[in-house]
Amino acid sequence: MRFTLTIRAKIYLLCTIYSLAGLATAELLSYRAAAASERDHAAMEAQFQSADMTRQMQLAFKKQVQEWKDVLLRGSAPEALAKYRDGFFADEETVRKLAAELDPRMPNADLRALLGRFRQAHQTLGEDYRAALGPFVKSGGKNFQAADQAVKGKDRSPTDLLDELVVKIDEVTTASIAAGAAAEKRDRSMVLTAATVTWIALFVAAFFMARNIAGALRGMVASLHQIAGGDLTCRVDDRRGDEIGEMGRALNGTMEHFREALCMITANSQALASCSEELAAISKQMSANAAEANSEALAVSAGAEQASKSIQSVAAASDEMNATIREIARNSSDAARVAGRAVDSAQ
């Protein structure tokens with residue numbers, strides 16, 4: 001069985017697809033934005049923490065170097081020596097702890113290798129500081145020139161490595177921010193592209209659906225114009241399964257009934273024409289008979305008039321005969337009276 005959709009169902013289906021596409025696009029945009037934001041936030045937070053810890057380590061290292069200088073400058077006093085020496089070792093330990101915490105947080109192998117070089121240089125510098133600190137303490141803080149000379153310039157290498165590490169971490173952080181923005185832009189572009197393709201596909205589907213419906217309606221209108229022009233044999237396409245096909249089937253059924261009615265009317269008209277011809281012949285015969293009857297009536301009327309005249313003549317002759325008879329009778333009566341009187345006289 002062929003599955004077909006009505007026009008109403010097609011319109012509802014298209015509206016539903018448009019709505020679902022809009023909701024899906026909005027949901028996808030929201031999800032991608034949230035995921036990108038969460039991802040970028042986590043990455044940025046890790047980068048910022050790494051950069052902040054690197055700066056803290058840089059600051060602690062500078063404080064360590066400064067504490068060493070304070071040890072040399074103020075180490076002649078036992079209290080000051082103990083204070084600045086403890087501060088020096090505390091800052092050194094802070095640098096070591098921060099470096100150890102930073103190692104697994106490094107975003108790439110190059111930075112991890114650079115941090116390793118700094119830790120090695122810092123370890124070597126610490127050993128040099130301890131080697132110079134022993135004789136300085138034994139001298140009662142007097143021989144600071146020898147201690148300073150022993151470590152002179154040795155803090156430059158770890159300082160340079162640490163400064164390079166800070167700069168590169170800042171560069172990586174900046175690059176990560178740019179990459180996050182580019183990824184977000186890429187995700188947005190991808191979602192918008194997918195949404196655009198979806199909407200274009202839906203528009204094309206709607207266009208062809210409207211074209212299909214409009215074409216069927218145009219075909220029906222053309223058929224109706226042919227029917228209105230007198231072509232009663234025209235039929236519309238009723239093969240569709242929607243309302244247009246249903247309307248076409250109803251119209252074709254109506255035209256079929258109309259054709260049957262016309263055939264019946266035509267047959268009745270032909271029978272009526274035949275009856276009319278027979279009636280005309282009968283009327284003509286009746287007219288001829290009426291004319292003949294009229295002629296005979298005229299002849300009868302003329303005969304009746306002649307008979308009337310003859311009767312009138314006979315009546316006049318009868319009247320005259322009656323008068324003659326009456327005259328004869330009167331004369332006979334007179335003769336009888338005379339004869340009587342004669343008889344009487346003869347007696």
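### Examining the overall build of the protein chain
When helices and strands are tallied, the protein chain shows six helices and zero strands. For the protein chain, the sequential pattern of α-helices and β-strands runs α-α-α-α-α-α. Out of the 347 residues in the protein chain, the part that is buried amounts to 24%. Taking the contacts inside the protein chain whose residues are at least 6 apart along the sequence as the reference set, 77% of them involve residues at least 24 apart. Within the structure as shown, the protein chain displays about 22,800 Å² of accessible surface, and the carbon and sulfur contribution to it stands at 61%.

### Focus on the packing of helix α3 (residues 109-138) against helix α5 (residues 156-228)
Where α3 meets α5, the axes come as close as 9 Å, and the angle between the chain directions of the two elements is 155 degrees. By the angle between their axes, α3 is roughly antiparallel relative to α5. α5 is crossed by α3, and the crossing has left-handed handedness. Of α5, the residues touching α3 (which contributes Leu111, Leu114, Leu115, Arg117, Phe118, Ala121, His122 and Leu125) are Ser157, Pro158, Leu161, Leu162, Glu164, Leu165, Lys168, Ile169 and Val172. Classifying every residue of the contact of α3 with α5 gives twelve nonpolar, two polar and three charged.

### Some details on the layout of surface pockets
Empty space within the largest pocket amounts to approximately 180 Å³. Forming the boundary of the largest pocket are Val65, Trp68, Lys69, Leu72, Leu73, Tyr129, Phe144, Asp148, Val151, Lys152, Gly153 and Asp155. Counting residues per element, the lining of the largest pocket draws most heavily on helix α1 (residues 7-74), at five residues. Split by residue class, the lining of the largest pocket holds seven nonpolar, one polar and four charged.

### Considering the pattern of salt bridges
One pass over the structure, following the stated rule, counts seven salt bridges. A salt bridge links Asp103 to Arg119, with the nearest nitrogen and oxygen atoms 4.0 Å apart. Of the two residues, Asp103 sits in the loop between α2 (78-102) and α3 while Arg119 sits in helix α3, which places them 16 residues apart along the sequence. For Glu164, the salt bridge is made with Lys168, and the minimal N-O distance between the two is 3.1 Å. Of the two residues, Glu164 and Lys168 both sit in helix α5, four residues apart, roughly one turn of that helix. Judged by relative accessible area, which is 31%, Glu164 ranks as partly exposed.

### Some words on α2
Since one α-helical turn is 3.6 residues long, residues separated by three or four positions face the same way. Across its 25 residues, α2 extends 36 Å between first and last C-alpha, which sits within 8% of the 36 Å expected from 1.5 Å per residue. Buried residues of α2: Ala80, Leu81, Tyr84, Gly87, Phe88, Asp91, Glu92, Val95, Leu98, Ala99 and Leu102, and no others.

### Some details on the environment of Ala195
Looking at the secondary structure, you find Ala195 in helix α5. Considering only alpha carbons, one finds Ala195 and Ala24, 171 residues apart in sequence, at a separation of 8.7 Å.

### Notes on α3
If you check α3, its first and last C-alpha atoms are 44 Å apart, about what 30 residues at 1.5 Å a residue would give, namely 44 Å. Where α3 begins, one side-chain oxygen reaches toward the backbone nitrogen of Asp110, 3.2 Å away; that side chain belongs to Asn108. Of the residues flanking the end of α3, it is Gly140, one or two places downstream, whose phi is positive at about 75 degrees.

### Some words on the side chain of Thr54
The topology assignment puts Thr54 in helix α1. Judged by relative accessible area, which is 1%, Thr54 ranks as buried. One polar contact links the side chain of Thr54 to the main-chain carbonyl oxygen of Ser50, over a distance of 2.6 Å.

### A look at the nonpolar core
Met57, Trp68, Leu115 and Leu165 are the most contacted members of the largest nonpolar core, which has 35 residues in total. Listed by contribution, the elements that provide at least two residues to this core are α1, α2, α3, α4 (144-151) and α5. At ten residues, α3 tops the list of elements feeding residues into this core. The contact partners of Trp68, leaving out residues within four places of it in the chain, are Phe88, Tyr129, Ala132, Leu133, Ala147 and Val151. Counting residues in each nonpolar core, the second largest holds ten residues, with Ile7, Met220, Val236 and Ile244 among its members.

### Examining the environment of Leu161
Tracing the backbone shows Leu161 in helix α5. The class of Leu161 is buried, set by a relative accessible area of 8%. Those residues in contact with Leu161, other than ones at most four positions away along the chain, are Leu114, Arg117, Phe118 and Ala121.

### Comments concerning a nonpolar patch on the surface
Where nonpolar side chains cluster on the molecular surface, the patch consists of Ile200, Phe203, Val204, Phe207 and Phe208 and spans about 510 Å² of accessible area. Looking at where Ile200 falls in the secondary structure, it is placed in helix α5.

### As for the packing of α2 against α3
Two elements in contact, α2 and α3, have axes separated by 11 Å at closest approach and are oriented at 165 degrees. Our classification of the angle between α2 and α3 gives roughly antiparallel. By crossing handedness, the relation of α2 to α3 is classed as left-handed. Each of Leu81, Arg85, Phe88, Phe89, Glu92, Val95, Arg96, Ala99, Ala100 and Leu102 in α2 lies in contact with α3, whose residues at this interface are Leu115, Phe118, Arg119, His122, Gln123, Gly126, Tyr129, Arg130, Leu133, Phe136 and Val137. Across the contact of α2 with α3, the residue classes tally to 13 nonpolar, three polar and five charged.

What counts, and at which threshold
Residues numbered from 1 in each chain as written. Predicted model: local features only at pLDDT ≥ 70, side-chain atom pairs only at ≥ 80, totals over all residues. Heavy atoms only, no water. Helix = DSSP H or I, 4+ residues; strand = E, 2+ residues; numbered from the N terminus. Buried < 20%, exposed > 50% of the residue type's maximum accessible area, 1.4 Å probe, protein only. Contact = heavy atoms within 4.5 Å. Areas by Shrake-Rupley, 256 points an atom, 1.4 Å probe, with all protein chains shown as cover. Axes fitted to C-alpha atoms, helices over the stretch in contact; angles between N-to-C directions. Parallel < 35°, antiparallel > 145°, perpendicular 65-115°, else oblique. Left-handed = near helix turned anticlockwise from the far one by under 90°. Nonpolar A, V, L, I, M, F, W, Y, C, P; charged D, E, K, R; others polar. 1 Å grid on protein atoms, 1.4 Å probe; cavity = no way out; pocket = protein on both sides within 12 Å on 5 of 7 lines; lining within 4 Å. Points joined across faces, edges and corners; volume = space filled by probe spheres on them. Salt bridge = Lys/Arg side-chain N within 4 Å of Asp/Glu carboxyl O. Expected span 1.5 Å × (residues − 1). Polar contact = N/O pair within 3.5 Å; in protein donor to acceptor, adjacent residues only side chain to side chain. Core = buried A, V, L, I, M, F, W, Y, C linked by side-chain atoms within 4.5 Å. Patch = residues over 30% accessible without salt bridge, like charges linked within 9 Å, V, L, I, M, F, W, Y side chains within 5 Å.

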